[in-house]
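Residues per chain, in single letters:
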Amino acid sequence: MRLFDEIFKNDTLASLARCVVIVGGGGYFEGVKTVGDFTPERIVLYFPKETVIIEGENLTIGKYCDGDLRLLGKIHAWRLETPLEKEK
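The structure contained in this document is the topic of the report that follows.

Criteria and cut-off values
Residues numbered from 1 in each chain as written. Predicted model: local features only at pLDDT ≥ 70, side-chain atom pairs only at ≥ 80, totals over all residues. Heavy atoms only, no water. Pairing = 2+ DSSP bridges. Helix = DSSP H or I, 4+ residues; strand = E, 2+ residues; numbered from the N terminus. Axes fitted to C-alpha atoms, helices over the stretch in contact; angles between N-to-C directions.

**Quick word on the pairing of strand β4 (residues 42–46)**
Looking at chain direction, strand β3 (residues 34–39) and β4 are connected through four bridges and run antiparallel. Residue pairing for β4: Phe-38 is matched across the bridge by Ile-43. In sequence, β3 turns back onto β4 through a hairpin of two residues.

**Some points on the sheet that holds strand β5 (residues 51–65)**
Within a beta sheet, neighbouring strands are joined by backbone hydrogen bonds and run either parallel or antiparallel to one another. If you trace the six strands from one edge of the open sheet to the other, you get β1-β2-β6-β5-β4-β3, paired in antiparallel fashion. The sheet is open, and its two borders are formed by β1 (18–21) and β3, each paired with just one other strand. Ignoring which end each strand starts from, the neighbouring axes of this sheet average 35° apart. Here twelve bridges tie β5 to strand β6 (residues 68–81), and the two strands are oriented antiparallel to one another. Bridge pairing links Glu-55 to Ala-77 in β6.

Shown next, in the form of structure tokens:
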């Protein structure tokens, strides 16, 4: 992912999390803190500042090590959620 390093070299947020969805199925995610809800149709990935919810079919984890996650299966949709800040 050297291209990401070059494109986002001055962006500190990009160093926290990166997502690549592969056309035809699957994806690669860097910076995953933990995996939440996980079924063959839905997976929730928690990053330091965001949550990614992925929906698809036959979703399985191909690799999960040191914050890198390879997702297998067919991704139909994904959405990014940012936690609301607590009221002071």
